[in-house]
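# Observations on chain architecture
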Amino acid sequence: MATYNTLLFATDFSEGAEKAVEHARTLATLTGARLHLLHVITELSDQRRKRIPADVIDTFIHEVTDVANTDMEAFCQRHFADAESQGIQLTHEVMFGSGYTDIIEAAKQLGADMIILGTHGKTGIEKILVGSTAERVVRHSPIPVLTVRS
């Protein structure tokens, strides 16, 4: 039987994440696993950064991080205000990175037993052009991944 001690819930605060959060919450409650919420702010590519003055980049990073932290706090309040009384040990983190690789690396660092994330349900040309973070996590993760379709 599988044992879950730590679950990583990756969120982008989208509709897909809103649907997936209940699955993460339920699994954490049923298994007693610690639940770690992660939001990755995808960085500007190095090529784009070269064209922007350093002080502008620093201001941008500070402001985007502040907004993401505020969004994370609101997300936690909305979905996990009663987490402690339900026996859910909750931690959360906002980081800059490149997306799926950072989700997988965070799972490794945490010793997570499963990654949970929502999907946007993109199909066709949109999926080809934009790609899917969830799909990449599923393809590259060494641990189980639960995806919840929006």
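Here's a quick rundown of the structure. (Residues numbered from 1 in each chain as written. Predicted model: local features only at pLDDT ≥ 70, side-chain atom pairs only at ≥ 80, totals over all residues. Heavy atoms only, no water.)

Let us look at the environment of S98. Within the secondary structure, S98 is located in the loop between strand 3 (90-97) and helix 4 (100-110). Residue S98 is classed as exposed on the basis of its relative accessible area, which comes to 51%. Measuring from C-alpha to C-alpha, the distance between S98 and T42 comes to 4.9 Å, with 56 residues separating the pair along the chain. If sequence neighbours within four positions are ignored, S98 has contacts with V40 and T42. A distance of 2.8 Å separates the side chain of S98 from the side chain of T101, its partner in a polar contact. (Helix = DSSP H or I, 4+ residues; strand = E, 2+ residues; numbered from the N terminus. Buried < 20%, exposed > 50% of the residue type's maximum accessible area, 1.4 Å probe, protein only. Contact = heavy atoms within 4.5 Å. Polar contact = N/O pair within 3.5 Å; in protein donor to acceptor, adjacent residues only side chain to side chain.)

Take the pattern of salt bridges next. Scanning all chains against the criterion turns up three salt bridges. Across the pair R25 and D82 runs a salt bridge whose closest N-O atoms are separated by 2.6 Å. A residue pair is termed long-range when its members are at least 10 positions apart, and R25 in helix 1 (residues 15-31) and D82 in the loop between helix 3 (54-80) and strand 3 qualify at 57 residues. One salt bridge connects E135 with R139, and the closest N-O pair in it is separated by 4.0 Å. You can see E135 and its partner R139 sitting in helix 6 (residues 133-140), four residues apart, about one turn around the helix. (Salt bridge = Lys/Arg side-chain N within 4 Å of Asp/Glu carboxyl O.)

All we've got here are geometric facts, nothing functional implied.
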